[in-house]
Amino acid sequence: MEAIVQYLLTGLSAGSVYGLIALGFYVMWSAAKAVNFTYGDVFMLGGVGTVVLMELGLPLPVAAATAIAGAAVVGAIVERVFVRPFNREANSIGWMLTTIAVGIMIESSTTATYGPLGRPLPTPLVEHPIRIGGSGIYPQELLLPVAAIAATFALEFFYKRTVLGRAMRAVSFNRVAAGLVGIDADRITLLAFAIAGGLGAFAGFLVAPVVQASASMGVIVGLKGFMVAIIAGIANARGVVIVGILYGVAEKLIEGFLSTAARDAIGFTLMILLLLLFPQGLFGRAEVRKV
Amino acid sequence: MSEAILSLSGVRVAYGRIEAVRGVDLTVGRGAFVGVIGSNGAGKTSLMRAISGVLRPAGGTISFDGADVTGQKSHQMVARGLAMVPEGRMVFADQSVRDNLVLGAYSRIGKDDAGIAADIDKVLGLFPRLSERIDQLAGTLSGGEQQMLAIARGLVSRPKLLVIDELSLGLAPKILDLLFPVLTALNKEGLSILLVEQMASYALAVTERTYVMENGRVILDGPSAQVAADPRVLDAYLGRRGAA
């Protein structure tokens with residue numbers, strides 16, 4: 001029983017990271033109808049960037065804010081330089097190649113300069129675990145689901161209530177029509193990538209104290225976040241976060257009851273089966289459209 | 001030239017190596033109501049997409065309201081006072097009718113909300129059916145209502161020229177009898193209109209001047225009454241002598 005509580009708690013925390021990354025993929029996909037495969041590495045920049053800036057003497061909040069802002073700029077640059085020119089036609093897939101390549105470049109240049117090993121990111125929230133029954137969890141880990149839920153609501157508010165958010169939805173729905181009402185669709189897409197970049201780096205910063213900040217911390221997590229977004233149907237914010245959290249919990253249960261080695265094999269198998277059963281994704285919407 | 005709101009010279013549009021528009025000259029005078037007719041695939045929609053900045057022309061020049069606007073993007077053209085109602089309407093189906101209308105005035109949101117509200121009231125006066133559906137999702141409207149919304153959304157941007165691509169597409173004659181008088185009234189108030197229409201008889205009846213396109217070129221233009229009497233138009237577009 002205690003073991004199950006432990007798995008649920010750590011699963012909730014790990015799953016929230018997948019959820020946050022999937023949320024970023026959703027934001028970028030909505031605007032550009034392209035997938036930014038550098039995203040796991042942008043996530044990594046949040047953790048690694050904060051560690052590096054703190055080693056340079058900046059206090060934690062300043063270091064984190066700077067790293068997140070830097071990652072937002074990286075997100076924008078990726079859109080402008082590596083996605084937009086390769087996404088001109090409806091069926092373009094050049095962005096796939098360019099973003100995968102740039103992601104590898106970010107990761108390997110980080111390995112070369114920062115080093116291949118993970119480094120701790122000390123925060124007050126990883127000093128003492130909280131005991132819940134016989135299970136223990138760091139407050140930092142509990143911060144992740146809070147952040148995932150807060151980000152979901154913030155994003156929903158942004159899409160529904162703000163002018164920019166509604167413009168982003170208009171671009172997502174129909175780029176041409178958005179242009180015809182005066183929306184600069186390119187600018188909105190750039191902004192979407194910057195927001196996603198900041199969000200991903202925020203997740204990387206939050207999880208780094210738990211997993212250590214390393215150059216490769218985003219590779220598998222980024223892939224899983226993408227997978228979660230696909231399974232959820234990349235259609236709404238809540239859906240991707242819910243699937244992310246569920247996937248994290250499922251992973252921890254598999255890890256606990258079977259083995260760590262079985263985790264990814266069974267986890268990915270589960271995802272493939274779900275995709276077979278729900279080709280539109282679990283929350284993929286039937287388009288509201290009448291012709 | 002300054003009396004023309006829009007003038008095209010030698011405009012070409014190409015998709016890769018395929019030329020859809022092969023050098024078109026066209027002028028819309030200020031306050032004029034001009035039609036473009038032609039069969040499917042004649043290049044009408046490509047031409048409108050070039051005019052509204054959705055596509056970059058492969059050649060030629062476009063001037064609008066006294067300025068060279070060749071190669072400007074659609075959001076820039078909207079800012080200059082050109083509104084296009086695109087083929088297929090393209091309403092934002094996942095947003096309410098009201099939100100669609102507000103987005104029509106995108107550049108003024110937050111700066112002139114009172115003006116936007118007044119403009120929306122005005123367009124709802126033109127299309128009372130939209131006010132009944134104001135809080136519905138645009139995707140739930142009928143085709144005719146969506147066309148009304150698309151026109152209304154264009155008008156909220158306070159255009160100097162309204163371009164309408166295929167007004168009649170998929171709409172019942174009853175709806176068209178509702179829509180055309182609104183356009184005529186707007187034109188009488190001083191709005192310049194460029195109407196692309198496959199249903200030639202409708203376009204020739206309401207416009208002052210008509211261009212006939214075929215294979216990416218203008219093959220005939222002049223006062224609509226004169227164009228309507230041209231044997232080529234009678235044959236091909238008005239269904240005389242049994243032609244479709």
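An account of the accompanying structure is given in this report. (Residues numbered from 1 in each chain as written. Chains lettered and ligands numbered in written order. Predicted model: local features only at pLDDT ≥ 70, side-chain atom pairs only at ≥ 80, totals over all residues. Heavy atoms only, no water.)

**Examining the sheet that holds strand 7 (residues 161–165) of chain B**
Residues and elements named next belong to chain B.
- Reading across from one edge, 6-7-8-3-9-10 is the order of the 6 strands in this open sheet, with mixed pairing throughout. On the outer flanks of this sheet lie strand 6 (82–85) and strand 10 (217–223), each paired with one strand and no other. Geometrically, the sheet is characterised by an average inter-axis angle of 15 degrees between neighbouring strands, direction not taken into account.
- Packing against the sheet, helix 7 (residues 173–188) makes contact with strand 3 (33–38), strand 7 and strand 8 (192–197), and its axis sits at approximately 150 degrees to strand 8. (Pairing = 2+ DSSP bridges. Helix = DSSP H or I, 4+ residues; strand = E, 2+ residues; numbered from the N terminus. Axes fitted to C-alpha atoms, helices over the stretch in contact; angles between N-to-C directions. Contact = heavy atoms within 4.5 Å.)

**Overview of the interface of chain B and chain A**
- Contacts between the two partners involve 27 residues from chain B, matched on the other side by 22 residues from chain A.
- Of the roughly 2,200 Å² buried where chain B meets chain A, counting both sides, 63% is carbon and sulfur surface.
- If you sort the residues of chain B by the area they bury against chain A, His75, Phe92 and Tyr106 of chain B come out on top, with a joint share of 28%.
- If you look at where chain B meets chain A, you find 2 salt bridges.
- Note that arginine 166 of chain A is salt-bridged to aspartate 99 of chain B, the shortest N-O span being 3.3 Å.
- Applying the counting criterion to the chain B and chain A interface returns 5 residue pairs in polar contact (both at pLDDT 80 or more).
- Secondary structure elements with two or more residues in the side of chain B that touches chain A: helix 2 (74–80), helix 3 (97–104) and helix 6 (143–155) of chain B.
- A total of 4 residues in the side of chain B that touches chain A trace back to one element, the largest contributor, which is helix 3 of chain B.
- When its residues are assigned to classes, the side of chain B that touches chain A shows 14 nonpolar, 8 polar and 5 charged. (Buried area = accessible area lost by both parts, 1.4 Å probe. Salt bridge = Lys/Arg side-chain N within 4 Å of Asp/Glu carboxyl O. Polar contact = N/O pair within 3.5 Å; in protein donor to acceptor, adjacent residues only side chain to side chain. Nonpolar A, V, L, I, M, F, W, Y, C, P; charged D, E, K, R; others polar.)

**Observations concerning helix 4 (residues 94–114) of chain A**
Residue and element names in this part refer to chain A.
- In this model, helix 4 (21 residues) spans 30 Å end to end at C-alpha, consistent with the 30 Å of a helix rising 1.5 Å per residue.
- Residues of helix 4 that are buried include every one of Trp95, Thr98, Thr99, Val102, Gly103, Ile106, Thr110 and Tyr114, and no others. Looking straight down helix 4, one finds its buried side chains confined to an arc of 135 degrees; they lie on one side. In helix 4, the exposed positions angled more than 90 degrees off the buried face are occupied by Leu97, Ile104, Met105 and Ala112.
- For helix 4, the secondary structure elements touched by its buried residues are helix 2 (39–55) and helix 3 (60–83).
- Of the residues trailing helix 4, glycine 115 is marked for its positive phi of about 105 degrees. (Expected span 1.5 Å × (residues − 1). Buried < 20%, exposed > 50% of the residue type's maximum accessible area, 1.4 Å probe, protein only. Arc of directions from axis to C-beta.)

**Topic: the layout of surface pockets**
- As a volume, the largest pocket reaches approximately 1,300 Å³.
- Looking at the largest pocket, it is lined by 39 residues, and the ones nearest its centre are Asn87, Arg88, Arg175 and Val176 of chain A together with Val54 of chain B.
- Contributions of two or more residues to the lining of the largest pocket are made by helix 1 (2–32), helix 3, helix 6 (163–173), helix 7 (175–180) and helix 8 (185–211) of chain A together with helix 2 of chain B.
- When grouped by side-chain class, the residues that make up the lining of the largest pocket number 13 nonpolar, 14 polar and 12 charged. (1 Å grid on protein atoms, 1.4 Å probe; cavity = no way out; pocket = protein on both sides within 12 Å on 5 of 7 lines; lining within 4 Å. Points joined across faces, edges and corners; volume = space filled by probe spheres on them.)

**Things to note about the packing of aromatic side chains**
- Applying the stated rule across the entire model yields 8 aromatic pairs over all chains.
- Between phenylalanine 37 of chain A and phenylalanine 226 of chain A, the aromatic rings sit 5.1 Å apart at their centres with planes inclined by 75 degrees, giving edge-to-face as the arrangement. Here phenylalanine 37 of chain A is found in the loop between helix 1 and helix 2, whereas its partner phenylalanine 226 of chain A is found in helix 9 (residues 219–232), with 189 residues between them in sequence.
- Note on phenylalanine 37 of chain A: relative accessible area 24%, which makes it partly exposed.
- Each ring, one from phenylalanine 180 of chain B and one from tyrosine 202 of chain B, has its centre 5.1 Å from the other, and the planes form 5 degrees; the classification is stacked. On the criterion of sequence distance, the pair formed by phenylalanine 180 of chain B in helix 7 and tyrosine 202 of chain B in helix 8 (residues 200–206) is long-range, its members being 22 residues apart.
- Residue placement shows arginine 119 of chain A over the ring face of tyrosine 114 of chain A; its charged tip is 3.9 Å from the ring centre.
- Above the ring of phenylalanine 92 of chain B, the side-chain terminus of arginine 153 of chain B is found at 4.9 Å from the ring centroid. (Phe/Tyr/Trp six-rings, centres within 6.5 Å; stacked < 30°, edge-to-face > 60°. Lys NZ or Arg CZ within 6 Å of the ring centre and 35° of its normal.)

No statement about biological role is implied by the geometric values presented.
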